[in-house]
2 protein chains.
Amino acid sequence: MEYSEIVKTLEELVSLPIYAVIGKLKDTPVLLTTTEGKVNISILEGDKLRVLTKEPIAGSPYPKPQLDFIPFIRDVVKGKELHSIYITNLKGEEYEVASPKIRIFSLAYDDKNIAFIGASQNESSLYVIEGGKIRKLVNVPPFSFVTDISGDYILGFGILKGNPRSQEFFVADLSGNMRIFTPKDGSMNIAYYIKDNKIYLVSDYENLGESYWIYTFDFQKYERVEFPEKDIYSYKAVEISYNPDDSLIIAKRDGESKLFLNGKLLNNPSGIIAGATKIGDNVYFAASSLNTPYKVYKYDLKENKVDVVINNKDVNIGEVEYVKIKNENVEVPTWIIKSRKPNKVGIVYVHGGPWSEVDNSWDLLISPLVLLGYNVIAPNFRGSTGYGSKFNLMDIGDPGGGDLSDVIAARDYAIEKGIVEKIGIMGYSYGGYMTLLAVGKVPDKWDFGIAGASVADWVEMYDLSDSFFKGFMETLFMGKNLELMEDRSPITYVNNVKCPLCIIHSQNDTRTPLTPVLKYVQKLQENNKTFYLHVIPNLGHAIYKIDDDVDLLLPALIFLEKMFG
Amino acid sequence: MEYSEIVKTLEELVSLPIYAVIGKLKDTPVLLTTTEGKVNISILEGDKLRVLTKEPIAGSPYPKPQLDFIPFIRDVVKGKELHSIYITNLKGEEYEVASPKIRIFSLAYDDKNIAFIGASQNESSLYVIEGGKIRKLVNVPPFSFVTDISGDYILGFGILKGNPRSQEFFVADLSGNMRIFTPKDGSMNIAYYIKDNKIYLVSDYENLGESYWIYTFDFQKYERVEFPEKDIYSYKAVEISYNPDDSLIIAKRDGESKLFLNGKLLNNPSGIIAGATKIGDNVYFAASSLNTPYKVYKYDLKENKVDVVINNKDVNIGEVEYVKIKNENVEVPTWIIKSRKPNKVGIVYVHGGPWSEVDNSWDLLISPLVLLGYNVIAPNFRGSTGYGSKFNLMDIGDPGGGDLSDVIAARDYAIEKGIVEKIGIMGYSYGGYMTLLAVGKVPDKWDFGIAGASVADWVEMYDLSDSFFKGFMETLFMGKNLELMEDRSPITYVNNVKCPLCIIHSQNDTRTPLTPVLKYVQKLQENNKTFYLHVIPNLGHAIYKIDDDVDLLLPALIFLEKMFG
């Protein structure tokens, strides 16, 4: 295939916008969109989108329905994830509130204050912004997230008691006093909302390790949130989110999600719901599937019917299959997406995170591969989200161990079932890490590897990391376990690599820094290994622009074309 | 501009074939062609090309008119320039003669033997192949080339007396006895042909440092070759080549060349003649210009008219201007190619070599730039060929010195004349070296740099080089002058770099190896410089395939699009 055809396919696919409904401001649906080629906050006025923000944003809290503005963060140092904080209102008036230029992973707001957790090189702290001035309230454990602020209450969660297999929540006040809570030691808890002096949380404490439910906490007791309609109970959700403002539930299991109102199932397209909000008698939501790009829908509750409000191009990329692959005592939920014009070359796509998943939603990395003829096998290896907290925590203390064996099992399955004849491995971030590790540890299993934003050396990465990512690694490795880090680092196995590699890395990546990868590459070169290397400047780990997606993906597609085209 | 448009432009341009007439076999014109996307030996049967070789070739001697076969070399280790020797005949039957897998820069043949000079890590030697067996005749100085063999005479030239500012020629015999000749100490001589016991040579000994003429040598005296028709004398050629078999001359001056028969000018298109051969009353030749892709022509001597035999697409890329830019006491002959849709961004294109030039011939690197809107300024800095041996030798002992100042003068000229508003520098090989050196030594002069197959560190490169390239460097630096090498190495100035760089390098490059460039890149990263890096595997310094041109050029065009698109 000519490169120009490949580029055209890629450009067409990434230009299909992504939509997520994140809530409402004053009865106006608020979305994250990429209609203008970058991640923006937009609103829905009738059936028209209006983009509020001028430049791409890096994150925002959920909007507060009673307010007419929303804060957000923006990466202001070329992908280094050093953030400034802005506000935009419904008119699209945007201004900068503060510019701490530190990594901000979470922020929350009410009518008076903005709270955020920021990570510098040496510490993570909870801050508030008052009158444009930043005030540090208290240092927090590195793996902490703020979720809501309401008057004097600041809510958040994280690994607060030093146990990497549990998550507690906290309530702080504006003086910096911080109390830590958990309904049960060793349970996983995400406290996300304060309403009427009650804290709403998602917790697995009643079904430890299995599934989550919604609870309230009034500083005395935990109460399970019950719903008048009973559909939600028969659905057997593993993950659940609930908005007390409009009684909408999004419940998830086996890589699909459904929308419920007061517990009643609302008919919606198969795939994944990307947020919902209720305004009057209408529920607005976004949805997609592996085969269907994102669209925005309106559910008319009176007429009980769904309409598309913001459409998207239909792209039927392939045949989607969902299997559970047995590996040791684990069942690995795996998506297999078969190209309509398969070329017999398969790609094991390893998702990032590791606490993330491939579910039945539109995927910018998977869709071009499938459309160009590659069958994609996407395993949700142990450690993935979406299958309960026990499964989610199975990689703690064992990254690149059991999870890698699950990935290999998915590879073997694809070969044994004759789905593909040649097979490689590809991923971004943790998926890039797994790619480099796999080609070094089981070199005979792979015909190629494509590693984006990869980890080559956990030990050096630890030294280069800020407080947040040191915390991330201390969670993953159960402490600063340098021996395990070395044992699980691709650079340890670089001499074993057999297959050609394509390595793609952003120069300003502050999560998985470039320097160790350049050292890995030097070793590849010294050992006469075959590799492509593409370093891209002015870009970091998180991607906010469609064009940047193209820059990262195109080298991978050209690599595949060179090998198999 | 969308990437797909850029790729399409590039793919269309590089798909325009290159043609060079290298002689004839049994009254059949022999050409080098890229019609099948790779460098091949082809023949012209009537007005049809027939490709003889199956895979790309790396080089061949001139064909011998009385024979029906021709040897050639092919890179058999993925771009590492480790060569095997093959023969093809007029029927296109191809077989391998020997597979020494060393670097071969020159070979010659007659009806019985093939002679070649090969460079291993430690020595350069003259070899003959007899009955498929390779026999080493004698070690030769590293910068030596064999040009002809005829019976017991083996002819060649090079830097044979240790003076990097002169070239002598040699005659060896099949026992390995080797005699060195020069018409005058300090003169430049290329002995290239043996006919009727006379040696033909190109020499500047009568116009030392100025221009070349053709001479014969019968082991007693040198005799100037005179021509019956006098056009050639008024042309004032600076460089000249002459084929005694068919009395054709190609004479060159100021970046253009003309074709002469017996001294009489044959009307031919402006630009550069890429070889010619006479068969009966017809002269076949190839020609191109900066604005005209290669075509093959037939000159009918009886009717005195030129016809196109093999046509090519017309691509009028821009307006071509030729100026001489004053710098110190040097006039720098410079081509300025102005885009039809200029975007006010200019590129100083620095040719490789350094003993090479940009002349008025079709250029695969320049044409896409101009077509995409960039004005190109291509200086023939001191050291370039085409302007006499004195100019050619001005970089000896001073690489990256006076030549760089000429390049900078061309840059200043383009800015001062308002030809461009922003300006960068780009080159491959020695041009890549000059690019990295320029952005480090005069950082304020450049808005960007694009360096392909560059030299980052002469000192480390010297250690990594084989005998031939050690010889090359000892010529350029007048000996193993490590201090000068360090002083002229881009890595010495890496901290000064200000502008964004795009660095493109083949993994298997054995002339300008990747390792020092990776170290340079590590230093860029440590010093927070902005760079793209693209390493391409299974590819070396010399390019034999159109697709490989695309792989090397596309990242440069995307880099430019990111900066100025």
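Below you will find a few notes about this structure. Keep in mind it's a predicted model, so treat the numbers as computed, not measured.

Basis of the calculations
- Residues numbered from 1 in each chain as written.
- Chains lettered and ligands numbered in written order.
- Predicted model: local features only at pLDDT ≥ 70, side-chain atom pairs only at ≥ 80, totals over all residues.
- Heavy atoms only, no water.
- Contact = heavy atoms within 4.5 Å.
- Buried area = accessible area lost by both parts, 1.4 Å probe.
- Salt bridge = Lys/Arg side-chain N within 4 Å of Asp/Glu carboxyl O.
- Helix = DSSP H or I, 4+ residues; strand = E, 2+ residues; numbered from the N terminus.
- Buried < 20%, exposed > 50% of the residue type's maximum accessible area, 1.4 Å probe, protein only.
- Least-squares fit on C-alpha atoms with pLDDT ≥ 70 in both.
- Axes fitted to C-alpha atoms, helices over the stretch in contact; angles between N-to-C directions.
- Left-handed = near helix turned anticlockwise from the far one by under 90°.
- Nonpolar A, V, L, I, M, F, W, Y, C, P; charged D, E, K, R; others polar.
- Pairing = 2+ DSSP bridges.
- Polar contact = N/O pair within 3.5 Å; in protein donor to acceptor, adjacent residues only side chain to side chain.

Here the focus is the interface of chain A and chain B. The interface is formed by 33 residues belonging to chain A together with 33 residues belonging to chain B. Each partner contributes to the roughly 2800 Å² buried at the junction of chain A and chain B, and carbon and sulfur atoms together form 51% of this total. By the criterion of area lost to chain B, the three top residues of chain A are Gln507, Gln522 and Gln525 of chain A, representing 19% of everything that side buries. Joining chain A to chain B, the criterion identifies four salt bridges. Lys562 of chain A is the partner of Asp551 of chain B in a salt bridge, and the nearest nitrogen-oxygen pair spans 2.3 Å.

The next subject is the pattern of salt bridges. All names here are of chain A. Taken as a whole and assessed by the stated rule, the structure comprises 65 salt bridges over all chains. For Asp314, the salt bridge is made with Lys295, and the minimal N-O distance between the two is 3.3 Å. Of the two residues, Asp314 sits in the loop between strand E26 (305-310) and strand E27 (318-327) while Lys295 sits in strand E25 (residues 292-300), which places them 19 residues apart along the sequence. Given the relative accessible area of 10%, Lys295 is considered buried. In this structure, the salt-bridge partner of Lys338 is Glu321, at a minimum N-O distance of 3.2 Å. Taken together, the residues span a long stretch of sequence, with Lys338 in strand E28 (residues 330-339) and Glu321 in strand E27 at a distance of 17 residues. What you see here is one network of salt bridges that share partners, running through Glu81, Arg103, Asp466 and Arg511.

Expressed as a screw transformation, the operator carrying chain A onto chain B has a rotation angle of 180° and an axial translation of 0.0 Å, and the superposed copies differ by an RMSD of 0.0 Å. When the rotation and shift are considered jointly, the pair of chain copies conforms to a two-fold rotation axis. An overlap of 100% is found between the interface residues of chain A and their copies at the interface of chain B, pointing to a shared contact surface.

Our next topic: the packing of helix H1 (residues 3-14) of chain B against helix H11 (residues 546-564) of chain B. All names here are of chain B. For the pair H1 and H11, the least separation of the axes is 10 Å and the interaxial angle reads 145°. The hand of the H1/H11 crossing is right-handed. For the pair H1 and H11, the contacting residues are Tyr3, Ile6, Val7, Leu10 and Val14 in the first and Ile546, Asp549, Val550, Leu553, Leu554, Leu557, Ile558, Glu561 and Lys562 in the second. Its residues assigned to classes, the contact of H1 with H11 comprises eleven nonpolar, no polar and three charged.

On to the pairing of strand E1 (residues 19-25) of chain A, then. Residues and elements named next belong to chain A. Within E1, six of the seven residues are buried, which leaves the element mostly enclosed by the surrounding structure. Direction of pairing for E1 relative to strand E2 (residues 28-33): antiparallel, over a ladder of six bridges. Counterpart to Lys24 in the pairing with E2 is Pro29.

Right, let's talk about the environment of Ser144 of chain B for a bit. All names here are of chain B. One can find Ser144 in strand E11 (residues 144-150). Sequence separation between Ser144 and Val459 is 315 residues; the distance between their C-alpha atoms is 23 Å. Other than its neighbours up to four places away in sequence, Ser144 contacts Ser106, Ile117, Phe157, Gly158 and Leu160. Among the polar contacts listed, one links the side chain of Ser144 to the backbone oxygen of Pro141, at a separation of 2.5 Å.

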